[in-house]
Amino acid sequence: MVYSRGHVVTPDGIQISSAEGKITFTWLPQKQSTYCQFTDLASFLVYNPEKERAVISQGKVNRYAQNFAMEIPADHLGDTVHYYISFASANGKLQGDSLYVGEKRWGNALYFAIYGRKKH
């Protein structure tokens with residue numbers, strides 16, 4: 001899936017991790033250039049094909065932050081969810097290509113730790 005195209009640089013070393021009902025995106029610092037500014041704003045898309053639903057968080061953090069945590073809906077329990085990221089210039093005039101980060105399956109143990117009970 002591609003949700004954005006443009007010249008703003010994609011992040012280096014992007015990784016995802018999960019804890020406490022959130023997925024955390026992390027990326028490495030990059031040298032500034034015309035299409036790679038510390039002030040570029042990140043957008044995140046979490047897509048659940050089993051529910052045919054996407055959750056989008058747009059422009060919440062700049063490139064310099066090098067991480068962002070977003071909550072994953074509780075109804076994603078047991079589903080494989082796909083993660084994407086892109087950057088745009090701070091003024092919104094320039095966009096970058098969206099980048100597929102990977103997938104993660106949310107299991108019962110994670111649900112129990114976060115919400116205090118298992119789904120039946």
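Everything discussed here concerns the structure shown above.
Summary of the structure given here. Positions within a chain are numbered from 1, following the residues in the order the chain's sequence is written. It should be noted that, the model being predicted, local features are given only for residues of pLDDT at least 70 and side-chain atom pairs only at 80 or more, the latter also being counted only at that level, while totals for whole chains, interfaces and linings use all residues. No hydrogens and no water enter the side-chain calculation; it runs on all heavy atoms of the structure.

Put simply, DSSP H or I for four residues or longer makes a helix, DSSP E for two residues or longer makes a strand, and each gets a number counted from the N terminus. Relative to the helices and strands, histidine 82 resides in strand 6 (residues 80–88). Pairs of N or O atoms are called polar contacts if they sit within 3.5 Å, as long as, within protein, a hydrogen donor faces a hydrogen acceptor (for residues adjacent in sequence, only side-chain-to-side-chain pairs). A distance of 2.8 Å separates polar atoms of two side chains, one belonging to histidine 82 and the other to tyrosine 100. Any two residues having at least one pair of non-hydrogen atoms within 4.5 Å are treated as being in contact. Residues within four places of histidine 82 in sequence aside, it is in contact with Leu45, Val46, Tyr47, Pro49, Tyr100, Gly102 and Glu103.

Right, let's talk about the environment of alanine 69 for a bit. Along the chain, the position of alanine 69 falls in strand 5 (residues 67–71). A C-alpha to C-alpha distance of 4.1 Å links alanine 69 and threonine 24, two positions 45 residues apart in sequence. Leaving out residues up to four positions away in the same chain, alanine 69 has contacts with Lys22, Ile23 and Thr24.

DSSP bridges decide pairing: two strands pair if at least two such bridges lie between them. Taken together, 4 strands build an open sheet; the order of strands is 4-3-6-7 and the sheet is antiparallel. Looking at the sheet topology across the chains shown, the edges are occupied by strand 4 (53–62) and strand 7 (99–105). Going across the sheet, the axis of each strand differs from the next one's by a mean of 20°, ignoring polarity. Here strand 3 (residues 41–48) runs beside strand 6; their pairing, made up of 7 bridges, is antiparallel. For serine 43, the partnering residue across the bridge sits in strand 6 and is serine 86. Helix axes are fitted to C-alpha atoms over the stretch in contact, other axes to C-alpha atoms as well, and angles between N-to-C directions run from 0 to 180 degrees.

Of the two site types, the cavity is a set of points on a 1 Å grid over the protein atoms alone where a 1.4 Å probe fits but cannot get out, and the pocket is an open set with protein on both sides within 12 Å along at least five of seven lines, each lined by residues with an atom within 4 Å of a point. Grid points are joined across faces, edges and corners, and a volume is the space filled by probe spheres set on the points. Throughout the structure, instances matching the rule amount to 2 cavities of 30 Å³ or more. Put simply, the second largest cavity is a space of about 40 Å³. In this structure, the second largest cavity is lined by Pro29, Gln30, Phe38, Arg63, Tyr64 and Gln66. Residue polarity is assigned by list, with Asp, Glu, Lys and Arg as charged and Ala, Val, Leu, Ile, Met, Phe, Trp, Tyr, Cys and Pro as nonpolar; anything else, Gly included, falls into the polar class. Considering only residue class, the lining of the second largest cavity consists of 3 nonpolar, 2 polar and 1 charged.

Attention shifts here to the pairing of strand 3. In this scheme, a residue with accessible area under 20% of its type's maximum is buried, one over 50% is exposed, and one in between is partly exposed, where area comes from a 1.4 Å probe on protein chains only. Across the 8 residues of strand 3, 6 count as buried, placing the element largely inside the fold. In the sheet, strand 3 pairs with strand 4 via 8 bridges, with the strands oriented antiparallel. Among the inter-strand pairings, leucine 41 is bridged to a residue of strand 4, identified as asparagine 62. Counted along the chain from strand 3 to the antiparallel partner strand 4, the turn is 4 residues long, and its residue glutamate 52 has a positive phi close to 50°.

Looking now at the sheet that holds strand 5. Strand order in the open sheet formed by 3 strands is 1-2-5, with antiparallel pairing between adjacent strands. Sheet topology places strand 1 (15–19) and strand 5 at the edges, where each strand pairs with a single neighbour. Each neighbouring strand pair of the sheet contributes to a mean axis angle of 20°, computed without reference to strand direction. In the sheet, strand 2 (residues 22–26) pairs with strand 5 via 5 bridges, with the strands oriented antiparallel. From the neighbouring strand, threonine 24 faces strand 5, where its bridge partner is alanine 69.

In this analysis, rings of Phe, Tyr and Trp, with Trp reduced to its six-membered ring, are considered paired at centre separations within 6.5 Å, and the interplanar angle assigns stacked below 30 degrees, edge-to-face beyond 60, and tilted for intermediate values. Tallied over the entire structure, the rule returns 8 aromatic pairs. Ring geometry for tryptophan 27 and phenylalanine 44: centres 6.2 Å apart, planes at 35°, overall tilted. Of this pair, tryptophan 27 sits in the loop between strand 2 and strand 3 while phenylalanine 44 is found in strand 3, placing the two residues 17 residues apart along the sequence. Assigned by exposure class, tryptophan 27 and phenylalanine 44 land together as buried. Arranged with centres 5.6 Å apart and planes meeting at 80°, the rings of tryptophan 27 and phenylalanine 87 form a pair that is edge-to-face. Taken together, the residues span a long stretch of sequence, with tryptophan 27 in the loop between strand 2 and strand 3 and phenylalanine 87 in strand 6 at a distance of 60 residues.

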